[in-house]
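Residues per chain, in single letters:
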Amino acid sequence: MAVKMLKFKTKFLIMILAVSLAGTTLMGGEVKRSSIRIENLKCEYQKNPLGIDEAAPRLSWQLNSDERGQRQTAYRILVAENRSDLERDQGEVWDTEKVSSHQSIQVSFGGRPLESGRRYYWKVQIWDRDGYLSSWSEPGWWEMGLLNSKDWTGQWIGDGKSDPERDEDFYQDDPAPLFRQEFDIKKPVRRARLYIAGLGYYKATLDGNPIGDQALAPAWTAYDKRIYYSCFDLKGPLQPGQHCLGVALGNGWYNPLPLRLFGRFNLREHLAVGRPRFIAQLAIEYTDGSKQTIVSDTRWRMKEGPVLRNNIYLGEVYDARSEQTGWDLPGFDISGWSSAVSVDPPAGRLQARPVPPICISATLNAQQILHPAEGVTIFDLGQNFTGWIRLNLQAQPGARIQLRYGELLHKDGTLNPMTSVCGQLKGMRKGPDGKELPAGGPGAPPVAWQADTYIARGGGLETYESQFTFHGFRYVEMTGYTGPVTLDMIQGKHLHTAVEPVGQFQCSNELVNRIQTMCEWTFRNNLISVQSDCPHRERLGYGGDIVVTSDAMMLNFDMAQFYTKAAWDWHDAARPDGMLTDTAPFIGIQYCGPAWAMAHPLLQAQLYRYYGDWRIIERQYGTSKRWFKLVQDQAKDGIFPTGLSDHEARVGAEPPMLVTPLYSEAARIMSSLAEISGQDRDRVEYLNLAEQIKSAYLEKYNKPETGVFSPGSQTSQSFALYLDMAPVAGRDRAFDYLVNDLVATNEGKLTTGIFGTQFMLDVLSRMGRADLAWQLATRREFPGWGYMLENGATTLWEHWQYSDNTYSHNHPMFGSVSQWFYNWLGGIQPARDAVGFNKIEFRPQFIQDLDWVQCRYQSIRGPIESNWRRKDNSIYLTLEIPVQAQALLYLPVPSATVVHESRLSLDKIPGIVSVQTGDNQVVCQLQSGRYELIIQQ
């Protein structure tokens with residue numbers, strides 16, 4: 001009897017365990033499933049990525065539910081080598097079984113070791129808040145790249161030329177080389193992958209057709225540290241027959257001219273440089289199981305191509321008479337072609353491309369044609385943008401068509417290229433021997449403007465597009481052409497890193513919508529593998545611009561991969577002693593101080609806050625810690641003595657007054673990174689340091705009786721309030737002084753610069769004067785964004801005042817206003833302690849001049865929405881919170897009684913956990929789901 005009872009109990013426990021593991025409930029013989037839908041599976045931020053080399057890639061998924069407060073309590077992931085195994089619920093590579101966890105992002109693979117070149121299929125199911133099991137997700141996949149250096153069997157090859165001995169000789173013709181290799185496919189192909197990297201830039205073709213849609217590949221990195229390769233699926237075009245791989249090489253950042261930017265910084269002295277070269281291998285698997293590999297080696301043939309010169313800053317010279325028509329097609333006559341030369345590999349390791357490629361995203365048609373002088377034609381493309389042109393014309397053989405680019409026109413209608421001149425290289429300077437030399441050094445042009453030269457082939461219609469350079473411009477000046485001129489002769493090709501748009505903001509005020517559009521154009525224009533300060537004059541990844549615009553960038557675009565790459569750029573740019581730099585990659589500029597270098601720790605904190613990326617902190621914390629120790633050593637009694645701070649502020653200040661609060665903020669960021677890293681001792685040390693800096697700053701620069709923070713400008717007051725330097729008891733006095741300076745002293749005009757503008761808009765809104773922030777944002781007179789638009793801007797200026805000679809007209813730093821639109825008009829903000837946007841703060845400001853706002857952000861967890869509109873003396877507010885997130889809603893209303901949903905008061909609405917009232921504000925805690933609130937006014 002005891003044995004039978006034991007068997008019965010065992011069977012019963014097994015049944016209960018099976019039901020528990022399945023996460024189902026038996027109801028009348030039916031299985032109840034969770035209604036949660038699993039969507040948008042991603043691996044390393046990508047949907048079905050081809051060629052990644054993370055040994056433990058991270059998996060993420062989004063959850064969708066029509067129920068409020070739904071959540072994941074456990075998950076199960078299956079990974080298989082074959083899709084058929086996955087369909088049978090077999091995960092021989094990895095089966096997590098049931099894992100009790102809320103984690104639905106950044107789940108690190110933990111199965112058996114992954115193999116180079118192999119594809120893996122995966123799917124996930126979850127248990128919801130009630131323990132019910134969801135259906136399986138649709139399957140996703142990822143494919144590994146080449147994980148080890150020994151997997152590369154190709155050679156680095158190039159043209160074998162040596163660099164000129166004299167600087168001036170770098171400016172002579174140096175044709176970009178072409179490389180080709182034919183091969184034969186004799187049987188059906190099951191799988192074909194091309195792995196390829198080139199320096200400085202490369203263009204690859206198969207049978208005359210471009211491989212992929214990328215341009216200016218690879219992304220700019222410190223080539224002595226890492227070089228990105230791409231992986232392409234070529235199975236489709238590789239049918240039985242003869243084929244030809246072609247590769248053209250450009251100089252890019254690997255073989256720059258010895259231009260002295262600003263008369264001082266020679267790129268060749270700071271970058272890893274060399275002659276153009278590439279490495280490639282095409283791995284083919286046939287349906288019969290056999291394999292073939294075509295690699296780059298000395299069997300490839302090469303010849304000089306029609307691009308006679310190419311440079312990042314100065315442009316290209318293209319001689320169409322030198323074109324090798326059909327050079328990358330099978331059967332081409334290779335008489336006169338020589339063998340490729342095996343060259344030394346660069347020092348950097350090959351790494352699978354971790355960022356989206358640079359792509360052409362739009363085509364711009366010319367809007368009008370101007371003829372300001374005899375033989376001069378100017379095309380107006382209507383928009384300041386980054387990219388190149390497509391030129392269509394018919395001309396006599398040898399006709400030399402000169403193309404110059406600029407953002408502006410002079411008053412007489414002629415081209416003004418001066419705001420986009422490389423490194424302010426304008427005119428002559430005295431050399432070491434006292435002789436006059438171009439400011440850019442021996443051989444440099446007197447004025448280093450952006451230009452291309454096209455030498456016509458003749459005999460019919462010709463088409464030209466740049467290959468190895470890019471420009472920032474609105475206007476194109478054409479000289480040397482004598483034929484008829486039409487609008488369709490020139491089209492603009494908008495070019496940028498293909499970050500995915502994730503934000504949408506629009507409102508009833510058309511000026512604000514135009515400012516938002518202006519910001520979006522500027523942001524995209526400055527994403528050419530680094531986040532640049534401008535896409536023409538400098539093209540460099542400045543840290544200060546990232547510090548003030550990273551929130552705006554992330555609210556508009558998916559910056560997860562891009563900013564991860566940027567953090568690695570700063571890591572790679574660190575000086576031998578560990579000091580981080582003003583720009584990354586490093587080109588010699590190092591004077592801005594901690595406010596610019598703090599981009600490195602800030603990016604780690606932002607990647608964690610927006611995307612839940614703990615791995616970047618795990619890998620980069622030591623780099624930031626080493627840098628910050630050097631920063632501490634430079635400070636004197638808590639005060640930081642030097643550095644750049646509120647760049648382009650209209651009212652200046654001595655560096656210590658503003659750099660010191662930024663130094664304190666850097667200490668707080670370091671404390672938060674230490675906490676995430678589990679470095680408790682560091683956390684406390686940095687937090688204490690921040691307080692010590694604050695005390696020293698208050699003692700030296702604060703007048704508590706008046707609330708003034710030296711020098712008493714809008715910038716200094718905003719710094720003190722935004723960066724938590726003002727004592728609690730003195731915040732109101734400091735704020736009152738700020739408001740008085742803005743409203744009375746400066747008659748509603750801002751005087752802030754790169755940091756102060758971002759800080760002041762937030763401070764005004766957070767402390768109850770969003771109306772003043774609105775007036776700043778919508779001001780049409782100088783200074784402001786509306787003033788830029790009134791003066792013809794289509795992208796943001798670097799300087800509040802109009803500049804026709806010096807300052808860029810395509811500069812992102814004042815784009816922090818876009819962040820304000822999302823944070824305070826729509827009201828969407830990640831909480832300070834958010835992890836992958838799991839904690840949201842909604843702070844919509846119902847500005848009287850606005851009738852409606854539509855604001856949406858596609859977070860890593862799913863869509864977040866905050867829309868409102870006025871109707872019949874009420875505000876209708878729609879909120880959406882993704883599963884796995886919660887929110888605090890801050891409503892600027894005096895009482896909770898004026899808010900309801902479906903006639904239910906706030907405290908009765910399903911999904912609202914708590915309601916607090918005080919200081920003319922109601923704060924509600926909301927669970928996930930969609931809410932339709934009505935606020936009576």
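Residues numbered from 1 in each chain as written. Predicted model: local features only at pLDDT ≥ 70, side-chain atom pairs only at ≥ 80, totals over all residues. Heavy atoms only, no water.

Quick look at the overall build of the protein chain now. Looking only at helices and strands, the protein chain features 16 helices and 54 strands. For 937 residues, the compact-globule formula gives about 30 Å, and the C-alpha radius of gyration of the protein chain, at 30 Å, lands near that figure. In terms of principal-axis extent, the alpha carbons of the protein chain reach across some 90 × 85 × 55 Å. Buried positions account for 60% of the 937 residues belonging to the protein chain. Considering only contacts in the protein chain between residues 6 or more positions apart, those separated by 24 or more positions represent 74%. When the accessible surface of the protein chain is totalled, it reaches about 36,600 Å², and 47% of it is carbon and sulfur. (Helix = DSSP H or I, 4+ residues; strand = E, 2+ residues; numbered from the N terminus. Rg over C-alpha atoms; globule rule 2.2 N^0.38 Å. Buried < 20%, exposed > 50% of the residue type's maximum accessible area, 1.4 Å probe, protein only. Contact = heavy atoms within 4.5 Å. Areas by Shrake-Rupley, 256 points an atom, 1.4 Å probe, with all protein chains shown as cover.)

To continue, consider helix α7 (residues 599-611). Taking 1.5 Å of rise per residue, 13 residues should cover 18 Å, and α7 covers 17 Å from first to last C-alpha, within 8% of that figure. Where α7 terminates, the next one or two residues include Gly-612, which has phi positive at roughly 70°. (Expected span 1.5 Å × (residues − 1).)

We now examine the pairing of strand β22 (residues 291-295). When strand β21 (residues 277-286) meets β22, the two strands line up antiparallel, connected through five bridges. For Ala-283, the partnering residue across the bridge sits in β22 and is Thr-293. Counted along the chain from β21 to the antiparallel partner β22, the turn is four residues long, and its residue Gly-289 has a positive phi close to 95°. (Pairing = 2+ DSSP bridges.)

So, about the packing of aromatic side chains. Counted by the stated rule, this structure contains 45 aromatic pairs. Between Tyr-405 and Phe-473, the aromatic rings sit 4.8 Å apart at their centres with planes inclined by 65°, giving edge-to-face as the arrangement. Residue Tyr-405 is located in strand β32 (residues 400-406), and its partner Phe-473 is located in strand β39 (residues 471-479); the two are separated by 68 residues in the primary sequence. By the burial criterion, Tyr-405 is buried, and Phe-473 matches it. The interplanar angle of 75° and the centroid separation of 5.6 Å between the aromatic rings of Trp-797 and Tyr-802 together place this pair among those described as edge-to-face. Among the aromatic residues, ring-to-ring pairing joins Tyr-45, Tyr-610, Tyr-611, Phe-837 and Tyr-857 into one connected group. (Phe/Tyr/Trp six-rings, centres within 6.5 Å; stacked < 30°, edge-to-face > 60°.)

We now examine the pairing of strand β30 (residues 368-373). Here four bridges tie β30 to strand β31 (residues 376-393), and the two strands are oriented antiparallel to one another. Along β31, the bridge assignment pairs Ile-369 with Phe-379.

Quick look at the confidence of the model for the protein chain now. On average, residues of the protein chain score 95 in pLDDT, and 97% of them are at 70 or above. Low confidence marks residues 1-28, where pLDDT is under 50. Its contacts with residues over four positions away, or in another chain, come to 22 contacts. (pLDDT = per-residue confidence, 0-100.)

What follows is about the sheet that holds strand β5 (residues 58-64). Taking strand neighbours across the sheet as the criterion, the three strands line up as β3-β5-β9 in an open arrangement whose pairing is antiparallel. The open sheet has two free edges, formed respectively by β3 (37-43) and β9 (107-108), since each of these has just one partner strand. Sheet topology places β3 next to β5; five bridges connect them, and they run antiparallel. Among the inter-strand pairings, Arg-37 is bridged to a residue of β5, identified as Asn-64.

Pairing within the open sheet is antiparallel, and its seven strands lie in the order β41-β46-β47-β48-β54-β50-β51. Every interior strand has two partners, whereas the edge strands, β41 (503-507) and β51 (904-905), have only one. The pairing of β41 with strand β46 (residues 852-859) spans five bridges and is antiparallel. Note on β46: the bridge partner recorded for Phe-505 is Cys-855.

You can see Lys-187 is positioned in the loop between β13 (177-185) and β14 (189-199). Between the C-alpha atoms of Lys-187 and Gly-241, which are 54 residues apart in sequence, the distance is 8.6 Å. For Lys-187, the contacting residues outside a window of four places in its chain are Pro-240, Tyr-286, Asp-288 and Ser-290. Within the structure, the side chain of Lys-187 is placed 3.0 Å from the side chain of Asp-288, a separation counted as a polar contact. (Polar contact = N/O pair within 3.5 Å; in protein donor to acceptor, adjacent residues only side chain to side chain.)

Now for the packing of helix α3 (residues 510-525) against helix α16 (residues 816-826). Helix-helix packing is described using two parameters, namely the angle between the two axes and the distance between the axes. Running from amino to carboxyl end, α3 crosses α16 at an angle of 125°, the nearest separation of the two axes being 9 Å. Comparing their axes, α16 and α3 come out oblique. For α3 against α16, the interelement crossing comes out left-handed. Contacts between α3 and α16 pair Val-512, Ile-515, Gln-516, Cys-519 and Phe-523 from the former with Val-817, Ser-818, Phe-821 and Tyr-822 from the latter. Each residue belonging to the contact of α3 with α16 can be placed in one class, and the counts come to seven nonpolar, two polar and no charged. (Axes fitted to C-alpha atoms, helices over the stretch in contact; angles between N-to-C directions. Parallel < 35°, antiparallel > 145°, perpendicular 65-115°, else oblique. Left-handed = near helix turned anticlockwise from the far one by under 90°. Nonpolar A, V, L, I, M, F, W, Y, C, P; charged D, E, K, R; others polar.)

This model, assessed by the stated rule, comprises zero disulfides. No disulfide involves Cys-231; its sulfur sits 14 Å from the nearest other cysteine sulfur, which is in Cys-43. (Disulfide = S-S within 2.5 Å.)

Attention shifts here to the packing of helix α4 (residues 543-556) against helix α13 (residues 754-766). Across the interface, α4 lies against α13 with an axial gap of 9 Å and an inter-helix angle of 20°. Considering their axes alone, α4 and α13 lie roughly parallel with respect to each other. Remark: the crossing between α4 and α13 carries left-handed chirality. Taken together, the residues of α13 that come into contact with α4 (itself represented by Gly-544, Asp-545, Val-547, Val-548 and Asp-551) are Ile-754, Phe-755 and Gln-758. Across the contact of α4 with α13, the residue classes break down as four nonpolar, two polar and two charged.

Before going further, it helps to spend a moment on unusual backbone geometry. Residue Pro-218 is bonded to the preceding Ala-217 through a cis peptide linkage, with omega at 0°. Within the fold, Pro-218 resides in the loop between β16 (209-210) and β17 (226-233). Here Ala-584 and Pro-585 are connected by a cis peptide whose omega angle stands at -5°. Mapping Pro-585 onto the fold places it in the loop between α5 (560-573) and α6 (594-597). Within the chain, Tyr-45 stands out as a residue other than glycine whose phi angle is a positive 70°. Position of Tyr-45 among the secondary structure elements: in the loop between β3 and β4 (50-52).

Here Thr-522 is to be found in helix α3. A distance of 3.0 Å separates a polar side-chain atom of Thr-522 from the backbone nitrogen of Leu-796. The residues touching Thr-522, leaving out its near neighbours within four places in the chain, are Thr-795, Leu-796, Asn-810, His-811 and Pro-812.

Okay, α16 next. Of all eleven residues in α16, eleven are buried; the element is thus mostly enclosed. Looking at α16, one finds that the buried residues are Ser-816, Val-817, Ser-818, Gln-819, Trp-820, Phe-821, Tyr-822, Asn-823, Trp-824, Leu-825 and Gly-826.

Attention shifts here to the environment of Glu-691. Within the element layout of this structure, Glu-691 appears in helix α10 (residues 680-701). Residue classification places Glu-691 among the partly exposed residues on the basis of a relative accessible area of 40%. In this structure, the C-alpha to C-alpha distance between Glu-691 and Val-763, residues 72 residues apart in sequence, is 21 Å.

Let us now look at the pattern of salt bridges. Counted by the stated rule, this structure contains 59 salt bridges. As a salt-bridge pair, Asp-66 and Arg-37 come within 3.5 Å of each other at their nearest N and O atoms. With Asp-66 in the loop between β5 and β6 (72-80) and Arg-37 in strand β3, the pair connects residues that are 29 residues apart, well separated along the chain. Exposure remark for Asp-66: the relative accessible area of 72% places this residue in the exposed category. On the basis of relative accessibility, which here comes to 33%, the residue Arg-37 falls in the partly exposed class. Where Glu-54 meets Arg-619, a salt bridge forms, and the shortest distance between an N and an O atom there is 2.9 Å. Here Arg-619 lies in helix α8 (residues 615-634) and Glu-54 lies in the loop between β4 and β5, a separation of 565 residues in the sequence. Connected through shared salt-bridge partners, Glu-44, Glu-54, Arg-58, Asp-613, Arg-615 and Arg-619 make up one network. (Salt bridge = Lys/Arg side-chain N within 4 Å of Asp/Glu carboxyl O.)

Quick look at the environment of Thr-479 now. Locating Thr-479 in the fold gives a position in strand β39. Through-space distance from the C-alpha of Thr-479 to that of Val-376 is 5.2 Å; in sequence the pair is 103 residues apart.

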